[in-house]
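Chain by chain, the residues:
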Amino acid sequence: MPVLHPTEFELLVFMCLTALDADNPPRYFDSREAQALALGRIVPDPVDPDDETYDDVERQRTAAFQRVKVAVRGLVALRAIHRDRAGGNGRRATYSITLNALATQSTPEYRKRVRRGTSGDSPRGTSNDLVGVRRTYELGDAERTPYEKGGVIGATAGTNALNGTTSLGPVDNSERAAS
């Protein structure tokens, strides 16, 4: 069953790639502008309220930041990340990357998404860049492309609930290394 919305998946991948790996758990902190860029939104610089483009620029900035806010809220609810410090007044928010499939599966948000069966849909306040194409990602299915999951983007497949960083026991990769 798909768990992450596309914007959540994209933001989580970006956060994992740019987190401080030396910390345990890895810590992420960056600007909302960088997070919006990871979600495909270029955030224009703020302009003076007297500027004729002020309304358009503010609309673009608000939309980009709303997209980030919704994705972060979903990742926090699924316990994929933990907010260590809230941002504001010139401070950036700090997050711990806490990828743990078992902890995610114990969240009310996870159970709600699985019960509804609509977790691949865009969360309220965001939109897909490709109209009519909905990508879904399964926790623990990182190596398979959407086409391998079922022939089309958005198809669901198996029930493997573990992500690539969590394992219930030892993993034998000898067959994989031999090929």
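The shown structure was predicted, so the numbers you read here are calculated from the model rather than taken from an experiment.

Draft legend 1. Here's a closer look at the sheet that holds strand 3 (residues 94-97). Read from one edge of the open sheet, 3 strands run 1-3-2, paired in antiparallel fashion. Each edge of the open sheet carries a strand with a single partner, namely strand 1 (27-28) and strand 2 (81-85). In this fold helix 3 (residues 54-77) packs onto strand 2 and strand 3, with an angle of close to 105° to the strand it touches most, strand 2.

Draft legend 2. Layout of the packing of aromatic side chains. Taken as a whole and judged by the stated rule, the model has 2 aromatic pairs. Their ring planes at 75° and their centres at 6.1 Å tell us that Phe-14 and Tyr-28 sit as a pair that is edge-to-face. With Phe-14 in helix 1 (residues 6-18) and Tyr-28 in strand 1, the pair connects residues that are 14 residues apart, well separated along the chain. Among the aromatic residues, those joined into a cluster by ring pairs are Phe-14, Tyr-28 and Tyr-95. Between the NZ or CZ atom of Arg-32 and the centre of the ring of Phe-65, over which it lies, the distance is 3.7 Å.

Draft legend 3. How the structure looks around the packing of helix 1 against helix 3. Packing of helix 1 against helix 3 brings their axes to within 9 Å, and their N-to-C directions diverge by 80°. With respect to their mutual orientation, helix 1 and helix 3 come out roughly perpendicular. Across from Thr-7, Glu-8, Leu-11, Leu-12 and Met-15 in helix 1, the residues of helix 3 making contact are Arg-67, Val-68, Val-70, Ala-71, Val-72, Gly-74 and Leu-75. Tallied by class, the residues present in the contact of helix 1 with helix 3 amount to 8 nonpolar, 2 polar and 2 charged.

Draft legend 4. Inspection of the confidence of the model for the protein chain at higher detail. Here the protein chain averages 74 in pLDDT, while 64% of its residues score no lower than 70. Per-element mean pLDDT across the protein chain ranges from 45 in helix 6 (residues 146-150) up to 93 in helix 3. Low confidence marks residues 144-168, where pLDDT is under 50. Its contacts with residues over four positions away, or in another chain, come to 51 contacts.

Conventions used here
- Residues numbered from 1 in each chain as written.
- Predicted model: local features only at pLDDT ≥ 70, side-chain atom pairs only at ≥ 80, totals over all residues.
- Heavy atoms only, no water.
- Pairing = 2+ DSSP bridges.
- Helix = DSSP H or I, 4+ residues; strand = E, 2+ residues; numbered from the N terminus.
- Contact = heavy atoms within 4.5 Å.
- Axes fitted to C-alpha atoms, helices over the stretch in contact; angles between N-to-C directions.
- Phe/Tyr/Trp six-rings, centres within 6.5 Å; stacked < 30°, edge-to-face > 60°.
- Lys NZ or Arg CZ within 6 Å of the ring centre and 35° of its normal.
- Parallel < 35°, antiparallel > 145°, perpendicular 65-115°, else oblique.
- Nonpolar A, V, L, I, M, F, W, Y, C, P; charged D, E, K, R; others polar.
- pLDDT = per-residue confidence, 0-100.

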